[in-house]
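Okay, here's what each chain looks like letter by letter:
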Amino acid sequence: MHLLRPFVLSLVLFVILHAPPPSAATDTLRPGHVLAGGEKLVSANGKFALGFFQTKSSSSSSQNSYLGIWFDKVPVVTPVWSANRDNPLSNSTSPELIISSDGNLVVLDQGTTIWSTRANTTTNDTVAVLLGTGNLVLRSSSNSSLIFWESFDYPTDTHLPGVKIGWNKVTGLNRGLVSRKNSIDLSSGIYSTRMDHDGIVRMLWNSSIVYWSSTWNGRFFSAIPEMSAGLGTGGIANYTFINNDQELYFTYNIFDDSIIIRTTLLVSGQNRASVWTGQAWMTVNNLPARQCDVYAVCGPFTVCTSNADPYCSCMKGFSVRSPADWETENRTGGCIRNTPLKKCRADDGNKTGMADKFYSMPGIRLPQNGKIMPNASSAEECARVCLSICSCTAYSYGKNGCSIWHDELLNVATDGNEEMIYLRLAAVELESGKGNRSGMVIGVSVGTSIAALAFILIILIWRRKGKWSKPVVDNDNGSVGIIAFKYSDLQDATKKFSEKLGAGGFGSVFKGCLSGSIAIAVKRLDGARQGEKQFRAEVNSIGIIQHINLVKLVGFCCESDKRLLVYEHMPNGSLDSHLFESYGTTLDWNIRYKIAIGVARGLAYLHHGCRDCIIHCDIKPQNILLDASFVPKIADFGMAKFLGRDFSHVVTTMRGTIGYLAPEWISGTPITPKVDVYSYGMVLLEIISGKRNSIQHSSSDIEGQGDYLPVQVAHKLVHGDILSIVDANLHGEVNMAEVERVCKIACWCIQDREFDRPTMIEVVQFLEGICEPEIPPMPKLLYAVAVGGSYQSGE
């Protein structure tokens, strides 16, 4: 579909293009000429190409050929239209495109017609021209305004600027999008987008079930408020909704012809907007925002988790029906049962002990089409009812009573749900542990939605800065619109930057207020080189993700040399103001413990929950902000580094803050996410003690160790005197078991060798009491720094 910001990105195909020599490129095919395989038409502006390209077929031994249009300036062939998507040429070596004797465009394979425009040309004097918009038109050679056929009337899975989505009321032509079958097969898939006669745009599964819709409110589509950000900007884009006697459609246009964008209905059923940065496709938006809101995206007997990769997993006792389909990103076939169910006579199970049993699945969204059983007044009765019906595959008992499901289970998801369902399995699946252990794969962190730059805003950045130093990571999960602000608007919002909240090495932060009394924090980046570098780093990291424990990027400003980032305002400021400054509120132990868990979850998501691992590189109390409920939000991603999942470390210059730097960083060796673990351990010590992490020698030194906090805590863990480390402002009102646990975790996090430190997933498990850490050894390097000696075991 298209819908505005959904300018959607289709999956890259893994295609092989046989490009013609540049001298052969023209934008027009005339009668008597042949466009053969390996040749192409190129639009006059050089943006689009038309020709034959190939993809691997479902069978690895063959390839399918298509006549299509793609972006000629993008290095990997990225089709935006295909003529014969449902009738590919298999292993053809001689496809040809010609204008036939009746004036139509025709694709031939060894003399056989494979595809034709089938237009009523009224003349055989026609030419085919590839326009700069990507529209292939068949028109009169003598009258360019007389068009007999155009590819824009027959979009496939991509909505380009200028394509109309909707109806021609005179001819009955209905233009919509249909997803492809999988990432390598361009044939029509199961998801579609259309505009109905009521003017509502709908996304559908199997042409029947609507899973997303939106209505035009006169200015933009109501489900896409980000569209309003582009209105009135003049010179970037405009959106058009027409409903008259002849037509009902929506379209958009981009005024800068150099911009390369696409909106694609993906194999996964999401409508994705993306912009080419010069290096990679950058996702602007996904509709629906959460992958698991697409109907039946994972197929039957699966669990969908939007922030997981992959987002589909089989339920316990089930295995993937077609691994080959899953590898090509089509998971709608779902999973099949490993062991058939027993016959459903309940008394048979009581005699043999082998009756079907139930496996509990908590924290999920219940499947649709459950049947309520009013006569089952308890969970036990509900289970018995299900066992007595051969087709019953699951039951649930909750506030609405007993519900059962027959046959296939669809749309089960883990996204922020609290329901419980009981899955019916053969007893052997539970007794032997047999079955698909992938079961319910739930991500390390709760919920992620891709934070995407509003379409207009991305374009502004792209136009003004050209290529990014690192492209934004493409994330399959949802998105939140981000606003592009004018500099004058931020001046007004901040009262000309009059209320400073703080300052750092890259600039200052000011309090502001948007219309509707929405408080914001505006970071104004100073210094052309460093400001630009941090601007890119922050947008590339926090700009593409959203998590309850990560600060939310509201928008940005990119005018001339001005670089500003707009964040949600955190009314309780930073953690350091409460730990170290007299004007901060003294945090009780319960809040401190929740802050420790929240920060750990945020880091665990950055390290393990994103497609690329994100290393924050500057974890410290100043970069942990607190909202009105003291929920912690990790902030300041100006130093963040991306680490691909195929790599174990990244080389970088020393950065961060003294006192929180891991030993390997100081020594100049490549870093891993464990540098964040080390910094987090230091923060934990400060949360416990209310003291800064610094070395101070005094007459009260214990055994000549100095007052270096990490060494003091490690020493007192062994000697059972942890209470003396706790912040005196708490007056002993703490949970000592939690304090000791946090001290152990902190000392494990600051171990000299990165391999001895836990992962942030393990830290979360420790803090939540799932696992209990052992007493850690003294960090030898820190001990040596503190006392100028070497640590011996047993001290």
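Going by the annotation in an unreviewed UniProt entry, the name recorded for the protein chain is Receptor-like serine/threonine-protein kinase, with Sorghum bicolor given as the source organism. UniProt's Sequence similarities (unreviewed entry) comment on the protein chain is quoted here verbatim: "Belongs to the protein kinase superfamily. Ser/Thr protein kinase family." According to the UniProt record, the Subcellular location (unreviewed entry) comment for the protein chain reads "Membrane".

Peer 1: How do you make sense of the sheet that holds strand β34 (residues 419-425) when you look at a structure like this?
Peer 2: Pairing within the open sheet is antiparallel, and its five strands lie in the order β30-β34-β32-β33-β31. Of all strands in the sheet, those bounded by a partner on one side alone are β30 (357-364) and β31 (371-372). Pairing of β31 with strand β33 (residues 401-406) involves two bridges; the strand directions are antiparallel. Across the sheet, the residue bridging to Ile372 is Ser403, located in β33. Against the sheet, helix α3 (residues 379-387) touches β30, β32 (392-398), β33 and β34, its axis set at about 165° to β32.

Peer 1: Help me understand the state of the cysteines in this model?
Peer 2: Covalent bonding between the sulfur atoms of two cysteines defines a disulfide. Using the criterion set out here, one finds five disulfides in the structure. Covalent S-S linkage joins Cys292 and Cys304, the inter-sulfur distance amounting to 2.0 Å. Looking along the S-S bond of the Cys292-Cys304 disulfide, the torsion reads about -85°, which is the left-handed sense. In this pair, Cys292 sits in the loop between β25 (281-287) and β26 (302-304) while Cys304 sits in strand β26, placing the two residues 12 residues apart along the sequence. Each member of the pair, Cys292 together with Cys304, is buried. Here Cys314 engages in a disulfide with Cys335; their sulfurs sit 1.9 Å apart. Across the disulfide from Cys314 to Cys335, rotation about the S-S bond amounts to roughly -80°, and the bridge is consequently left-handed. Within this pair, whereas Cys314 is found in strand β27 (residues 312-314), its partner Cys335 is found in strand β29 (residues 335-337), the two being separated by 21 residues in sequence.

Peer 1: Any chance you could explain the nonpolar core here in plain terms?
Peer 2: The tendency in soluble globular proteins is for nonpolar side chains to be buried side by side. In terms of nonpolar packing, the biggest core is built from 84 residues, with Leu97, Leu105, Leu136, Tyr211 and Met315 touching the most fellow members. Broken down by element, the residue count for this core peaks at four residues, all from strand β22 (residues 247-254). Those residues in contact with Tyr211 that sit more than four places away from it in its chain are Tyr191, Met203, Leu204, Trp205, Leu265, Gly269, Pro288, Asp293, Val294 and Tyr295. In terms of nonpolar packing, the next biggest core, distinct from the first, is built from 70 residues, Ile595, Ile597, Tyr660 and Val734 among them.

Peer 1: What am I meant to see in the UniProt feature "binding site: ATP" (unreviewed entry) in the protein chain here?
Peer 2: With numbering aligned to this structure, UniProt lists the feature "binding site: ATP" (unreviewed entry) at Lys523. Summarising the element assignment, Lys523 is placed in strand β39 (residues 518-525).

Peer 1: Just to check I follow, could you spell out α3 for this structure?
Peer 2: Each full turn of the α-helix corresponds to 3.6 residues, which orients residues three or four apart in the same direction. Buried within α3 we find Cys382, Ala383, Cys386 and Leu387. Across the axial projection of α3, the buried residues extend over an arc of 135°, all falling on one side. Turned more than 90 degrees off the buried face of α3, the exposed positions are Glu380 and Arg384. On its buried face, α3 is in contact with β30, β32, β33 and β34.

Peer 1: What is the right way to read the pattern of salt bridges from this model?
Peer 2: Opposite charge on two side chains lets them pair, provided their charged atoms get close. Tallied over the entire structure, the rule returns 20 salt bridges. When the shortest N-O distance is used, the salt bridge between Lys523 and Asp636 registers 3.5 Å. Highlighted residues: Lys523 in strand β39 and Asp636 in the loop between β44 (632-634) and β45 (641-643), separated in sequence by 113 residues. Lys523 sits in the buried class, given a relative accessible area of 10%. Close ionic contact of Asp727 with Arg592 constitutes a salt bridge, the shortest N to O distance being 2.9 Å. On the criterion of sequence distance, the pair formed by Asp727 in the loop between α12 (709-719) and α13 (736-749) and Arg592 in helix α9 (residues 589-609) is long-range, its members being 135 residues apart.

About the thresholds
- Residues numbered from 1 in each chain as written.
- Predicted model: local features only at pLDDT ≥ 70, side-chain atom pairs only at ≥ 80, totals over all residues.
- Heavy atoms only, no water.
- UniProt positions renumbered as here; feature names shortened; annotations may be inferred.
- Pairing = 2+ DSSP bridges.
- Helix = DSSP H or I, 4+ residues; strand = E, 2+ residues; numbered from the N terminus.
- Contact = heavy atoms within 4.5 Å.
- Axes fitted to C-alpha atoms, helices over the stretch in contact; angles between N-to-C directions.
- Disulfide = S-S within 2.5 Å.
- Buried < 20%, exposed > 50% of the residue type's maximum accessible area, 1.4 Å probe, protein only.
- Core = buried A, V, L, I, M, F, W, Y, C linked by side-chain atoms within 4.5 Å.
- Arc of directions from axis to C-beta.
- Salt bridge = Lys/Arg side-chain N within 4 Å of Asp/Glu carboxyl O.

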